[in-house]
8 protein chains.
Amino acid sequence: MNTPELQRLLEQVSRGEVDAEAAHVRLTEALRARPFEDLGFARVDHHRAIRQGFPEVVLGLGKTPAQVAAIAAAIVRRGSTLLVTRTNEAAFDAVRAVVKEATYYADAAIITFRQHDVVPGKGTIVVAAAGTSDLSVAEEAARTAELMGNQVERLYDVGVAGLHRLLSEQPTLAAARVIVVVAGMEGALPSVVSGLVSVPVIAVPTSVGYGASFGGIAALLGMLNSCSPSVAVVNIDNGFGAAYLASLINHL
Amino acid sequence: MNTPELQRLLEQVSRGEVDAEAAHVRLTEALRARPFEDLGFARVDHHRAIRQGFPEVVLGLGKTPAQVAAIAAAIVRRGSTLLVTRTNEAAFDAVRAVVKEATYYADAAIITFRQHDVVPGKGTIVVAAAGTSDLSVAEEAARTAELMGNQVERLYDVGVAGLHRLLSEQPTLAAARVIVVVAGMEGALPSVVSGLVSVPVIAVPTSVGYGASFGGIAALLGMLNSCSPSVAVVNIDNGFGAAYLASLINHL
Amino acid sequence: MNTPELQRLLEQVSRGEVDAEAAHVRLTEALRARPFEDLGFARVDHHRAIRQGFPEVVLGLGKTPAQVAAIAAAIVRRGSTLLVTRTNEAAFDAVRAVVKEATYYADAAIITFRQHDVVPGKGTIVVAAAGTSDLSVAEEAARTAELMGNQVERLYDVGVAGLHRLLSEQPTLAAARVIVVVAGMEGALPSVVSGLVSVPVIAVPTSVGYGASFGGIAALLGMLNSCSPSVAVVNIDNGFGAAYLASLINHL
Amino acid sequence: MNTPELQRLLEQVSRGEVDAEAAHVRLTEALRARPFEDLGFARVDHHRAIRQGFPEVVLGLGKTPAQVAAIAAAIVRRGSTLLVTRTNEAAFDAVRAVVKEATYYADAAIITFRQHDVVPGKGTIVVAAAGTSDLSVAEEAARTAELMGNQVERLYDVGVAGLHRLLSEQPTLAAARVIVVVAGMEGALPSVVSGLVSVPVIAVPTSVGYGASFGGIAALLGMLNSCSPSVAVVNIDNGFGAAYLASLINHL
Amino acid sequence: MNTPELQRLLEQVSRGEVDAEAAHVRLTEALRARPFEDLGFARVDHHRAIRQGFPEVVLGLGKTPAQVAAIAAAIVRRGSTLLVTRTNEAAFDAVRAVVKEATYYADAAIITFRQHDVVPGKGTIVVAAAGTSDLSVAEEAARTAELMGNQVERLYDVGVAGLHRLLSEQPTLAAARVIVVVAGMEGALPSVVSGLVSVPVIAVPTSVGYGASFGGIAALLGMLNSCSPSVAVVNIDNGFGAAYLASLINHL
Amino acid sequence: MNTPELQRLLEQVSRGEVDAEAAHVRLTEALRARPFEDLGFARVDHHRAIRQGFPEVVLGLGKTPAQVAAIAAAIVRRGSTLLVTRTNEAAFDAVRAVVKEATYYADAAIITFRQHDVVPGKGTIVVAAAGTSDLSVAEEAARTAELMGNQVERLYDVGVAGLHRLLSEQPTLAAARVIVVVAGMEGALPSVVSGLVSVPVIAVPTSVGYGASFGGIAALLGMLNSCSPSVAVVNIDNGFGAAYLASLINHL
Amino acid sequence: MNTPELQRLLEQVSRGEVDAEAAHVRLTEALRARPFEDLGFARVDHHRAIRQGFPEVVLGLGKTPAQVAAIAAAIVRRGSTLLVTRTNEAAFDAVRAVVKEATYYADAAIITFRQHDVVPGKGTIVVAAAGTSDLSVAEEAARTAELMGNQVERLYDVGVAGLHRLLSEQPTLAAARVIVVVAGMEGALPSVVSGLVSVPVIAVPTSVGYGASFGGIAALLGMLNSCSPSVAVVNIDNGFGAAYLASLINHL
Amino acid sequence: MNTPELQRLLEQVSRGEVDAEAAHVRLTEALRARPFEDLGFARVDHHRAIRQGFPEVVLGLGKTPAQVAAIAAAIVRRGSTLLVTRTNEAAFDAVRAVVKEATYYADAAIITFRQHDVVPGKGTIVVAAAGTSDLSVAEEAARTAELMGNQVERLYDVGVAGLHRLLSEQPTLAAARVIVVVAGMEGALPSVVSGLVSVPVIAVPTSVGYGASFGGIAALLGMLNSCSPSVAVVNIDNGFGAAYLASLINHL
């Protein structure tokens, strides 16, 4: 109940068109809903989904195929777009039994089913990956970004130890509105990329490596300490989160 | 504006005793305040202070004497009890200039001034410390607990390498309603104490030690891994937090 | 041998009813037993079990089904309440062969069999969990608390990234006497919950997460550094310990 | 030497207006410069400065006042806007001797002098800080963002242990185009903020805290593990970097 | 297009032998290729392979047998020498189906096939290993070095707790041009070896050990802190990298 | 070649009984062997084995059954006592095929076969363990100590959370000449034990625990920071090493 | 009250020489003292001091000169030998004012005053140090061992990068009954030393080093992972603890 | 005593020119010296100094000016070249009093005095540094390399966030025989440099940075995880060690 509505109600009471009791009931109801309506949590959530086509996201990790399928069915029944991350073939078999149109992208380890149109992003999101071992995380990012309505360009295997591969893709980098950079090992690629462009760079460390890579810590620290100021970092292997944020930026 | 007040206002509007415009103003004001009133944040804060005599707390660490004094003056002007932790002599000189009655406890590194009576705790809080080097943290805990209305018993220098000192204090431990145990180095005292009693034990690791104590990490890990299930842990050197929680428990 | 007994013995010696040699033997025996009797370890253990209905606890982790069953049978033979934590279906099959009435709670991974009435706790323990992945730890806490005689309210999936879910449960939080908060990932829920209430909060970090969650370290550090002073922390995934401590507090 | 220039030169050679030797010299010179021209490093740098008004940045940390002053003078002589971060009063005295118009913001520990107009950002950047101890980092961010042409709103002391302070600022948050969130201790504020809005959140962990905060590691891990997917993180205390990235986003 | 070629072209244009348009096309093409030609990336790569016989290297870790085989076939088709590291029997079966002449060294976990002669190294590379558990890493180093054209001497089981084993091999050490030292546990061998010789020592920590060896961290730190200044370190278990570097040095 | 032998040889040359050429050959041979003879490495090893009955030790971890059996056969052929640690049933089957008399202690995970008498230790070695989960490491220590000729007393399940269990064993502790204390979780037992006795305490942290025990780091740090000065520590789970050192001390 | 005294008292009561009341008082007093007498804590402490001449130890770290002096005076008044570790010149000035005979060893940073004869150790304790920077810790060990009645041999600057320095001291090592080895940086010296002898080696990591020595962690890990089984480790820089333990062993 | 000398002596004995007794004395003396002579420790040290002009090195860190001066004087008296690292102006004043010709390089924090000619290195050593803050470590490397007889080229401020600066120096890199790369923060420069050349790269992480650089750990891990196989790493800030190793390689 916004200000004009409140004003109108009170005038109706004042004019005797609505009696005090009925007004009390309507006001009480509005107030009970208000903590969230006023704070706008549920509404904002709803609006955001409509405006950006952002899907409900299910983290598949540690859930049984049956659990994933049950949640997926519920989401699709509500008419929402489906996105399951960090999932597998077995879960997909279970999901397909209840959501026939679902698609499984094995290289990204995600299951998706888009139920309605999304607002297209304004520019291109480049997803750059340092090595072939980083592809799974990179594909999670690329598929997520595409599902959210973004044009995506993939630049894979452009690690810093062979700079010419990266430098030859300068036009692609220059055309991006936001860049997601995925790298394991020493995690140097985001620093180098961000030195070549003037757009935001979202860096994703991966757990690729061995020994002193410590499951991605080396890459994470490298990215946090980037000497370039236009780099921000998400969690290790969090391709989904990087793409989500990149999509937010690309829809501004 | 609670339900009876709302009902009454609407009836007054209905009877023409209050016109729509005035009612609108009053309702709008009440609604603007409501998010917190309804959620009860500010009110609860206020009630809690009255009920438990819990003082406003100023973390002195990293503030200049002038800043501490300014905040202290503001708190005392509001009629609240003053508690400044991790402070020093210089800050006390500045505080004393504006709050004459303030007291400085050098061994606890706190400044206090109690402005009103507190609800007394129901039992005794024992503050046990393993070594003489842990006394500063232990005193921060003990003074905080006293300020919050609790009876406090101090058991200092009862480390586990000389068990007889601890065992001779069994009656004191047995009489406690909640025990705060402060220890650095290997942090074993909470495990031993909690094996001797059946009341909650709040463990405070201290940064006392050298080498592989790593500024309190060894003690912290020792306490988190206690083989006794009645131990919970607060941050390293956080005597204030332990006492605050112990006081909550002692006032239940 | 307590004071009146000692007095009586000495009088008997004085009156010649007991000769010095016999008295010496009896006193020596009493003194040999005394360190524990005087210190009261075993007795206290016994009293505590009777008074609080606290079960003997078996950590199932790393024990074979046969071992768990053997220990369970021994406990039940002594007439004690049985609680096995971190166990599984296979161990339950073995236990059921020797303790027919035992119950297995798969979602909590515990086996229990209550043999006698417990003293009821004085208020309600709320067990709040941030995400659905934290449920196993939360259920370990909830089932343990119930077994120890507490009224338990569960608030699951109330993570801080969707505050309205938590805020809508304010009345439940307000009615609690002590709150156990279970959270993985960034572990922010205890700070937020403790800001809404004035009762003790026991925080349980979980190993839920990936990448830089480091098996629960991120959540653990988040909780230890809580800006709210009414939070204490137990070991990662230690739902049992949190519930045990909460029950102690709730029985004060 | 761009394409038309090259074409023209070759035609001149063809027409005999320029002889082969002179053409060779000119081409060789152009080619020697080319690696950067073709790759566009220097040009882009130059264009970026003009387009975004981005200042040259001097990290004051570990430089003597004389060094800072010398670098500052050189920058100003080139006509560029000056920004020195992590500096102090002594350095400012030295800078003022050579750059009279420079300003020192003590609370942000930065020295600035803007030499030309900047392209204004498209929306508002909110800089939110959890506690009063985070202000220095927050001010570094706010001043940097302002210098780069952005409208900045400051929301300070809105930590999660007193949610009402944050919730009452929802309209300000809702009006932001990008939000920089600065927090130490448990670092929970970015998760909570990002749950209330649908714009990018750049999180800055601070080294504020003690004990198990480990100089900002606790906050850093908390932010990396945010359960909200619209959060990216920069280095501990890196207010400048967060603001730079936020400004890039706000100028898209 | 190098300097004489450019000079010649321009003279041809000057003499009318090539018209401006054709010259423009040829120059433009040369310039487009130039960033890499000028920077020499691809060329250097090519030259390096020819000069040093350096094989293309495939990190087998985390690739399926089919993937390894496909990459191996492509490499061999290009006429390059094949080296697959961190691989296994199953991958070898797949490789053998497409590269009949390939050899699998089970103790080094590598697959190789040398297609052309390599430039021999100038001296001997000694590969010393502390314990029998370090052999797999040591063999990866030794086989790699041999494949790259180096004479290799193996000194295995010469750990520092039985110095006489090492000291008896002094002549072998003295004859080396560069030494690769492989050690797990405390990682002390490189320090001791480098004290006995005056040639470069490349240290390889291994993940051999348990408990506080932390997967090779103890050995890594031991080597980085070597009190001998002629030791440099590569990643944990990185026998290939150490051998590659040793071969570079041995070919200088 | 010792001094009298050298003297004799030179006299023989002097007397013409041995010609210079033959003498040169013999001296050269002796000198080549000498570095170890002079330094006494191999000899000392041999003497030590005879004097202390110290067995050759095979670390079973990471060796195949066939490898363990081959090494065991070689050791037994040399007449030495056999000790294989961290081994298993499968390895034992292989060993038994070549060393019929070998014994496998499943609870200690060791295989032994004593071939000759050992010098008995001078006193008793107590092996104390905090919990039932530490038994495997404790048994590795106890069996090793027994094999080396020591009288061993086992005190198991005497953790610090139930002090009376430990205190009731004071006479056993008092009778020890050296004590090995095995504990996981918080690792507090060595501190408490060493406070009760005046003999050396060798502490063995175990990897028993979960969450913040970090595979034994918590116990390790606890022991290194012991407030008692008579405690020294070996690697996590290193029962063998502790027993070896205790035996050395007990044979002094 | 020991057994004969008790027997005598009871006989006196039996004979009427002491009445029941007086006997009760005397027995009760003895029993009140008994928990420690029975457990033997105080008595053992006393006996140990007499038997081993072990001094009371004051950790000077973090105490003011006045505090150190006050404690020192109290110890000397009790007739005990004085040992203050990690102290300085200023503290010594204060101590000398109350304990004229005290001596300050600047290189060991300790103050001592021996008040009575000590039981001599049975053999020699060698204190070996890797580098000149480790001397302070080594001297703390050496002086402590001497004060406790041991013959001490110092072997300084015998680091593993120049093995000949260590090997030339083999006779000294061979003559030791127990060896304390002090080393920073990579901490390899204990492994090498223990391979040359058959006596217990107590290893002391020092905080000497920089960069990846991490204040002694590298040396600590190196020592814990020693491939030699006769090494046990104490805390970083804990020369006192190593010497105390070595003295216990040397007095067995 | 080498082989010809021995042969000659024995022939002299055989011919009666030297009697057995005298021969015995001379042989015994030679043998007593032999452990080092045979092992060649001292000789090699001596030869190495002569051959490579390698100076005696004094680590100034933690030594008083008087100590540094005393050591420096001793070295110069022996006729050796002097090199003091990590020193300061005060130490230089003390050194100059005893070694008049000594030179202090403030930017490298080293004192040197070359006493004799050095064997020149065969090629150029390039010392590349990422940022201006790394200069002190880079200069330590450069000055050390020069003192050891190497031609040194400095490439400073060529960090990866502005690639063109590095790429423009490709000819310099290409002309190097070995490259020392100094970098803090993310430590990416060695990977990029080694991708551009085919010579050994010695990487030196520096402690430059703040927050999550953790005193150089981020750079260290980045370098250890380099995706380029021709990179080896030395300790944080160890410019001296890198230069020493580079000089060894350059003199091969």
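What you see is a predicted model, and the numbers here were worked out from it, not measured in a lab.

Q: So what about the interface of chain F and chain B? Which residues, and what values?
A: Listed as interface residues are 24 residues of chain F and, on the opposing side, 24 residues of chain B. Roughly 1900 Å² is buried in total at the junction of chain F and chain B, and carbon and sulfur atoms are behind 72% of that figure. For the pair chain F and chain B, the number of links is zero salt bridges. In this structure, the connection of chain F to chain B is made through eight residue pairs in polar contact (both at pLDDT 80 or more). At the level of elements, α7 (163–167), α9 (189–196) and α10 (217–224) of chain F are the ones that each hand at least two residues to the side of chain F that touches chain B. Per-element accounting of the side of chain F that touches chain B gives the leading share, five residues, to α10(F). Within the side of chain F that touches chain B, the residues separate by chemical class into 16 nonpolar, seven polar and one charged.

Q: Describe the environment of A:Ala22, naming the residues involved and giving the relevant values.
A: Residue and element names in this part refer to chain A. By secondary structure assignment, the location of Ala22 is in helix α2 (residues 20–39). Take Ala22: its relative accessible area is 34%, and that puts it in the partly exposed class. Sequence separation between Ala22 and Val99 is 77 residues, and the spatial gap between their C-alpha atoms is 46 Å.

Q: Break down the relation of the copies chain F and chain B for me, citing the residues and quoting the values.
A: Superposition of chain F onto chain B requires a rotation of 179° combined with a translation of 0.2 Å along the rotation axis, giving an RMSD of 0.4 Å. The relationship between the two copies is best expressed as a two-fold rotation axis. Taking C-alpha positions as reference, the residue of chain F nearest the rotation axis is F:Ala188, located at 2.6 Å. Of the interface residues in chain F, 100% have counterparts in chain B that sit at the interface too, so the contact is made through matching surfaces.

Q: Any chance you could break down the interface of chain E and chain H for me, citing the residues and the numbers?
A: Across the boundary between the two partners, chain E contributes 32 residues, which contact 32 residues of chain H. Counting each side, the surface lost to burial between chain E and chain H is near 2800 Å², with a carbon and sulfur contribution of 67%. Sorting the residues of chain E by area buried against chain H places E:Leu224, E:Pro229 and E:Leu252 first, and these three jointly supply 21% of that buried surface. In this structure, the connection of chain E to chain H is made through zero salt bridges. There are three residue pairs in polar contact (both at pLDDT 80 or more) connecting chain E and chain H. Among the elements of the structure, α3 (41–52), α9 (189–196), α10 (217–224), β9 (231–233) and α11 (239–250) of chain E are those that each provide at least two residues to the side of chain E that touches chain H. Residues of the side of chain E that touches chain H, tallied by class, amount to 21 nonpolar, eight polar and three charged.

About the criteria used
Residues numbered from 1 in each chain as written. Chains lettered and ligands numbered in written order. Predicted model: local features only at pLDDT ≥ 70, side-chain atom pairs only at ≥ 80, totals over all residues. Heavy atoms only, no water. Contact = heavy atoms within 4.5 Å. Buried area = accessible area lost by both parts, 1.4 Å probe. Salt bridge = Lys/Arg side-chain N within 4 Å of Asp/Glu carboxyl O. Polar contact = N/O pair within 3.5 Å; in protein donor to acceptor, adjacent residues only side chain to side chain. Helix = DSSP H or I, 4+ residues; strand = E, 2+ residues; numbered from the N terminus. Nonpolar A, V, L, I, M, F, W, Y, C, P; charged D, E, K, R; others polar. Buried < 20%, exposed > 50% of the residue type's maximum accessible area, 1.4 Å probe, protein only. Least-squares fit on C-alpha atoms with pLDDT ≥ 70 in both.

These figures capture arrangement, not role.
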